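# Working through the structure, step by step
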Amino acid sequence: MSALFDRLADIHRAAHALPFADAVEDALAPPDELLPAAVLIAVTERDAPGVLVTHRPHTMRKHPGQAAFPGGRIDAGETPVEAALREAQEELGIDPRDVRVIGETDRFRTRTGFDITPVLATVPADLPITPNPAEVAEWFEPPFRFLFDPANQQLKAAQWEGALRHYHEINWQGHRIWGVTAAIILNLTRRMALAGPLDV
């Protein structure tokens, strides 16, 4: 076991044993019928850990161009963990055997019709990444501490579909993370804070 895996697993276990009432929700209510999906929050095993994030191609029908964790729909018979590992392999060429799963975290329901289960895990540093151009325009690795620092999770507002909507945004070296991905990060930040300072 690595020190990073052990520390994150301890935080995850302690935080998820406590009630959580401060979750961020989508700006618009999700539909009644939702498709199950999963994403992988892959933390790199470095002295200063990072997190693997992709940019979706602008040609994609759902959330084109947005920053996202590798992930997608859960196929029939799959668990969220199995789906997240499969999608990470399809999108970034990550062998599931290289992923050390810590556990699931709070689901996020989107106005676009998905019920997303994030899966927290660690992967080796400098793992070979082979992005699938059909699903990934580019990938990047912002520092874990930067992403999960509330000071970097900016609250924004914009007129959208006839009303003022609020959302969160994280900017790192020209990469804009917002919408669903930022909300998942924010919820995990708040969840982990229940266990005390995030000294990772």
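Here is a short report on the structure shown in this document. Note that the coordinates shown come from a computational prediction; the quantities given were computed from them, not determined experimentally.

In total, this model carries 13 salt bridges according to the counting rule given. By sharing partners, the salt bridges in this structure join Asp75, Glu78, Arg86, Glu87 and Glu90 into a single network.

Further remarks concern the packing of aromatic side chains. Per the stated rule, a full pass over the model turns up three aromatic pairs. Between tyrosine 167 and tryptophan 178, the aromatic rings sit 5.8 Å apart at their centres with planes inclined by 65 degrees, giving edge-to-face as the arrangement. Residue tyrosine 167 is found in strand β10 (residues 163-172), and its partner tryptophan 178 is found in strand β11 (residues 175-178); the two are separated by eleven residues along the sequence. Given the relative accessible area of 28%, tryptophan 178 is considered partly exposed. Over the ring of phenylalanine 5 we find arginine 100, and its NZ or CZ is 4.3 Å from the ring centre.

If you look at the biggest cluster of nonpolar residues, it comprises 35 residues, and the most contacted ones within it are Val51, Phe69, Phe144, Phe148, Ile177 and Ile184. Of all elements in the fold, only α1 (3-15), β1 (35-45), β7 (114-124), α3 (144-147), β10 and α4 (179-193) reach the threshold of two or more residues within this core. Take this core: its biggest share by element is eight residues, from α4. When neighbours within four sequence positions are excluded, phenylalanine 144 is seen to be in contact with Leu8, Val43, Pro49, Gly50, Val51, Met192, Leu198 and Val200. Ranked by size, the runner-up nonpolar core spans 18 residues in total, among them Ile74, Leu85, Val99 and Val123.

With respect to topology, three strands assemble into an open sheet ordered β9-β10-β11, the strand pairing being antiparallel. The two strands at the open ends of the sheet, each matched to only one other strand, are β9 (154-160) and β11. For this sheet, the mean inter-axis angle between neighbouring strands, taken without regard to orientation, is 40 degrees. The sheet contact formed by β10 and β11 spans four bridges and is antiparallel.

Attention shifts here to α4. Over its 15 residues, α4 extends 21 Å from the first C-alpha to the last, a length consistent with the 21 Å expected when each residue adds 1.5 Å. Judged by how many residues are buried, α4 sits mostly within the fold: twelve of 15 residues are covered. For α4, the complete set of buried residues consists of Val180, Thr181, Ala182, Ala183, Ile184, Ile185, Leu186, Asn187, Leu188, Thr189, Arg191 and Met192.

Here we come to the side chain of arginine 191. As for its placement among the helices and strands, arginine 191 is situated in helix α4. For arginine 191, a relative accessible area of 7% corresponds to the buried category. Reaching out from arginine 191, the side chain makes a polar contact with the backbone oxygen of leucine 18 at a distance of 2.8 Å. Here aspartate 106 takes part through its side chain, which lies 2.7 Å from a polar atom of the side chain of arginine 191. The contacts of arginine 191, once residues within four sequence positions are left out, are Ala15, His16, Leu18, Pro19, Phe20, Thr105 and Asp106.

Before going further, it helps to examine the pairing of β1. A large share of β1 lies buried, amounting to eight of its eleven residues. By the bridge criterion, three bridges tie β1 to strand β4 (residues 71-73) in an arrangement that is antiparallel. The residue of β4 that forms the bridge with alanine 37 is arginine 73.

In this fold, serine 2 is placed in the segment before α1. Expressed as a C-alpha distance, the spacing of serine 2 and glutamate 45, which sit 43 residues apart in the sequence, is 8.1 Å. Apart from the residues lying within four places of it in its own chain, the contact partners of serine 2 are Glu45 and Arg100. Separated by 2.9 Å, the side chain of serine 2 and the backbone nitrogen of phenylalanine 5 make a polar contact.

About the thresholds
Residues numbered from 1 in each chain as written. Predicted model: local features only at pLDDT ≥ 70, side-chain atom pairs only at ≥ 80, totals over all residues. Heavy atoms only, no water. Salt bridge = Lys/Arg side-chain N within 4 Å of Asp/Glu carboxyl O. Phe/Tyr/Trp six-rings, centres within 6.5 Å; stacked < 30°, edge-to-face > 60°. Helix = DSSP H or I, 4+ residues; strand = E, 2+ residues; numbered from the N terminus. Buried < 20%, exposed > 50% of the residue type's maximum accessible area, 1.4 Å probe, protein only. Lys NZ or Arg CZ within 6 Å of the ring centre and 35° of its normal. Core = buried A, V, L, I, M, F, W, Y, C linked by side-chain atoms within 4.5 Å. Contact = heavy atoms within 4.5 Å. Pairing = 2+ DSSP bridges. Axes fitted to C-alpha atoms, helices over the stretch in contact; angles between N-to-C directions. Expected span 1.5 Å × (residues − 1). Polar contact = N/O pair within 3.5 Å; in protein donor to acceptor, adjacent residues only side chain to side chain.

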